[in-house]
Amino acid sequence: MTERSAILKESGGYSITGPVGVIILREGEVEYRTVRIEIQDGLIRELKPAGEEPEYYVTAGFINCHAHYVMDAGAGPFDKMIADAAGDPDNKIARAIQYGREMVKLGITYTCDKGPPGMCGAPIYRGIKEAVDAGESMANLKYSTWAMMADGGFGAPYGRVIHNLKEMEVALLESEKTGAEALKFIPESAYKAGTPHYRFMFPEDAFRWARQAAKEKNMVFAVHAKGVETIEMCIRESVDGIEHGIEAKPEHLRAFQENDIYLGPTMDGLLCRLEHAKETGRNAEAVEYDWETVCSMVKTASTLNNGRPFSNFLFASDAGSYATPHASLRELYQLRKNGFPPAAILEAATVNGAKCLKLWDRGTIETGKRADLIFWSTNPVEQSLEEWKHLEKHIAAVALNGKIVKIE
Ligand SMILES: [Zn+2]
């Protein structure tokens, strides 16, 4: 569990770091400030200017905006996954806690859970939240109790299938009642050969109504949108977050910037599917299309604004889903490998995640913010692409709620 290290020293009711170089990430630019960070009751109490050489570099904890705590990164049939989860929720909770601990060791201190397989999630999410509240050293979360799906669409019937507005109203009430702070939608078809590859097929009135209701209730409205039809619907409805977004064209990316819509490309998830398809020969056409398309979208995004990067990416890996590990920073490496600059990636993984998930106390290192911190032994902004392959080796320690949970 929690271990103290010399990185934080007790000092009469609060703790304090040695001189550290805070990496300030803003609009793709980076600045440094050498300070000592004072921490009290899990929050940053003060940043005291320091004159010495920094002992570590520090960023805020990473926010993975797309994870599935109730899924085990398996590639087996959904019916079995659902039967496992529904049949033994306590075992699922214990496994989720384990995943959450592994995530924190990589600096991932918060995540948005995009739903369980099937309808089994409510008691499991309750158990996970209780563990977080009891001080477990795991990544905290917001969750969507179910993934809302279109009849006959991708994922269906392994989520909450919505046929009409009335069902949507009930699903939203029950989401709130089960503690959901996010609503995840999968409104499009599975991949089809021929154009369009992906069709929007959710009842439109229910989608529009839910978007407005989520806004009023301050819930995160997140949409699986690979295809242009769904991407354009998301722009019209000004959603909070888009998942995958592989077919986004430059004009769509610009519209995301103008409308505060954030995009999680989930490169790690798509690459894991590709690797798995290559081993098994299953579903190869669809996963190859998705992988090539997402790589080209990220390359376009890297120089979108007259050579400057797209401002609204998220760290979103699809952790836990099909063959995709919970604790991994490969998403960040893949973004960089496809041309995205390191400071903008770190900004996506901290500042942007907090904005998209409406986490006003996270994402930056400032007085009053939560002391979820990554202590870097070297400056990650200046590390080479090769070093980003194992970025975690540069993490000396992670603080969660002001307590050190991982030491080199
Ligand atoms: Zn997912």
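An account of the accompanying structure is given in this report. (Residues numbered from 1 in each chain as written. Predicted model: local features only at pLDDT ≥ 70, side-chain atom pairs only at ≥ 80, totals over all residues. Heavy atoms only, no water.)

Topic: the layout of surface pockets
Here is step 1 of the chain: For the largest pocket, the calculated volume is near 850 Å³.
Here is step 2 of the chain: Lining the largest pocket are 39 residues, with Phe78, Phe154, Gly155, Arg273 and Tyr322 sitting closest to its centre.
Here is step 3 of the chain: Elements with a minimum of two residues in the lining of the largest pocket: α1 (78-87), β10 (147-150), β12 (182-186), α8 (267-280) and α9 (284-302).
Here is step 4 of the chain: Residue classes in the lining of the largest pocket are distributed as 19 nonpolar, 13 polar and seven charged.
Here is step 5 of the chain: Here the residues of the lining of the second largest pocket are counted per class, giving ten nonpolar, seven polar and six charged. (1 Å grid on protein atoms, 1.4 Å probe; cavity = no way out; pocket = protein on both sides within 12 Å on 5 of 7 lines; lining within 4 Å. Points joined across faces, edges and corners; volume = space filled by probe spheres on them. Helix = DSSP H or I, 4+ residues; strand = E, 2+ residues; numbered from the N terminus. Nonpolar A, V, L, I, M, F, W, Y, C, P; charged D, E, K, R; others polar.)

Concerning the coordination of the zinc ion
Here is step 1 of the chain: Coordination sphere of the zinc ion, protein contribution only: His66 (NE2), His68 (NE2) and Asp318 (OD), at 2.1 to 2.2 Å.
Here is step 2 of the chain: The buried category is assigned to histidine 66, whose relative accessible area is 0%.
Here is step 3 of the chain: A relative accessible area of 5% places aspartate 318 in the buried class. (Donors = N, O, S within 2.8 Å, 3.2 Å for Na, K, Ca; no water. Buried < 20%, exposed > 50% of the residue type's maximum accessible area, 1.4 Å probe, protein only.)

Notes on the packing of aromatic side chains
The geometry of an aromatic ring pair is captured by two quantities: the separation of the ring centres and the angle between the planes.
Here is step 1 of the chain: What the rule picks out here adds up to 17 aromatic pairs.
Here is step 2 of the chain: Judged by centre distance (6.1 Å) and plane angle (90 degrees), the ring pair of phenylalanine 62 and phenylalanine 315 falls under edge-to-face. Of this pair, phenylalanine 62 sits in strand β7 (residues 62-67) while phenylalanine 315 sits in the loop between α9 and α10 (330-337); the two residues are 253 residues apart in sequence, bridging distant segments of the chain.
Here is step 3 of the chain: Classification of phenylalanine 62 by relative accessible area gives buried; the value is 0%.
Here is step 4 of the chain: An aromatic cluster of at least three residues, connected via ring pairs, comprises Phe185, Phe200, Phe202, Phe207 and Phe221.
Here is step 5 of the chain: Here the guanidinium or amino end of arginine 45 rests over the ring plane of tyrosine 14, the centre of that ring lying 3.8 Å away.
Here is step 6 of the chain: The cationic tip of lysine 226 hangs over the ring face of phenylalanine 154; the distance from NZ or CZ to the ring centre is 5.6 Å. (Phe/Tyr/Trp six-rings, centres within 6.5 Å; stacked < 30°, edge-to-face > 60°. Lys NZ or Arg CZ within 6 Å of the ring centre and 35° of its normal.)

Some remarks on the pairing of strand β5 (residues 43-49)
Here is step 1 of the chain: The sheet contact formed by strand β4 (residues 29-40) and β5 spans six bridges and is antiparallel. Bridged to glutamate 38 within β5 is glutamate 46.
Here is step 2 of the chain: Taking the residues that link successive antiparallel strands as the turn, the β4-β5 hairpin has two residues, and the phi of aspartate 41 there is positive, at about 50 degrees. (Pairing = 2+ DSSP bridges.)

Focus on the pairing of β10
Here is step 1 of the chain: Burial along β10 is two-sided: the face carrying Ala147 and Met149 and the face carrying Met148 and Ala150 are both buried.
Here is step 2 of the chain: Of the pairings in the sheet, the one linking β10 to β12 comprises three bridges and is parallel in character. Among the inter-strand pairings, methionine 148 is bridged to a residue of β12, identified as phenylalanine 185.
Here is step 3 of the chain: Judged from the three bridges that link them, β10 and strand β11 (residues 160-162) form a sheet pairing that is parallel. Paired with alanine 150 across the bridge in β11 is isoleucine 162.

A word on the packing of helix α6 (residues 228-236) against helix α7 (residues 250-258)
Here is step 1 of the chain: The geometry of α6 relative to α7 is characterised by a closest axis approach of 10 Å and an angle of 25 degrees between their N-to-C directions. By the angle between their directions, the pair α6 and α7 is classed as roughly parallel. With respect to the hand of their crossing, α6 and α7 are arranged in left-handed fashion. Within the contact between the two elements, α6 uses Val228, Ile231, Glu232 and Ile235 and α7 uses His252, Ala255 and Phe256. (Axes fitted to C-alpha atoms, helices over the stretch in contact; angles between N-to-C directions. Parallel < 35°, antiparallel > 145°, perpendicular 65-115°, else oblique. Left-handed = near helix turned anticlockwise from the far one by under 90°. Contact = heavy atoms within 4.5 Å.)

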